[in-house]
Amino acid sequence: MTRLRRDELRRLEGHRINLALADGSRIDDCELVAVDRGPDGQVWVHANGADAFVPLSQVADAWETARSSRA
């Protein structure tokens, strides 16, 4: 993950996101708690009542979830 992409990911801390992982799996609609600032960092997400720590090297893509509009 490039430094620019890591900085973009940090801006999503506290938001609900989807993660695509290098192995083809996904973690959808989780809260991005924190992005580790270390060189071999990890992403801390909270999903389905549990915390998960994912190495940045395994994150293929990340994006903010679409917000549902309520009328």
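Residues numbered from 1 in each chain as written. Predicted model: local features only at pLDDT ≥ 70, side-chain atom pairs only at ≥ 80, totals over all residues. Heavy atoms only, no water.

## Overview of the overall build of the protein chain
Counting secondary structure elements, the protein chain contains one helix and five strands. In terms of overall size, the protein chain behaves like a compact globule, its C-alpha atoms giving a radius of gyration of 12 Å where 71 residues would be expected to give roughly 11 Å. If one aligns the C-alpha atoms of the protein chain with their principal axes, the spans along those axes are about 45 × 20 × 20 Å. Across the 71 residues that make up the protein chain, the buried fraction comes to 30%. In the protein chain, once contacts between residues fewer than 6 apart in sequence are set aside, the share between residues at least 24 apart is 43%. (Helix = DSSP H or I, 4+ residues; strand = E, 2+ residues; numbered from the N terminus. Rg over C-alpha atoms; globule rule 2.2 N^0.38 Å. Buried < 20%, exposed > 50% of the residue type's maximum accessible area, 1.4 Å probe, protein only. Contact = heavy atoms within 4.5 Å.)

## Examining the pattern of salt bridges
Under the counting rule described, the total for this entry stands at six salt bridges. A salt bridge links Arg16 to Asp29; its shortest N-O distance comes to 2.9 Å. Here Asp29 lies in strand E2 (residues 26–35) and Arg16 lies in strand E1 (residues 16–21), a separation of 13 residues in the sequence. Assessed through its relative accessible area of 37%, Arg16 is described here as partly exposed. In this structure Asp29 comes out as partly exposed when scored by relative accessible area, which is 42%. When salt bridges with common partners are traced through the structure, they connect Arg5, Glu8 and Asp61 into a single cluster. (Salt bridge = Lys/Arg side-chain N within 4 Å of Asp/Glu carboxyl O.)

## A few points about the pairing of strand E4 (residues 50–55)
Alignment of strand E3 (residues 42–47) against E4, held across six bridges, turns out to be antiparallel. The partner of His46 across the bridge, within E4, is Asp51. Joining the antiparallel neighbours E3 and E4 is a turn of two residues, in which Asn48 adopts a positive phi near 55°. (Pairing = 2+ DSSP bridges.)

## Structural notes on the packing of aromatic side chains
Scanning the entire structure with this criterion turns up one aromatic pair. Taking 5.6 Å as the distance between ring centres and 25° as the angle between the ring planes, the aromatic pair formed by Trp44 and Phe53 counts as stacked. Assessed through its relative accessible area of 49%, Phe53 is described here as partly exposed. (Phe/Tyr/Trp six-rings, centres within 6.5 Å; stacked < 30°, edge-to-face > 60°.)

## Regarding the environment of Ala50
Along the chain, Ala50 turns up in strand E4. Separated by 20 residues in the primary sequence, Ala50 and Cys30 place their C-alpha atoms 9.8 Å from one another.

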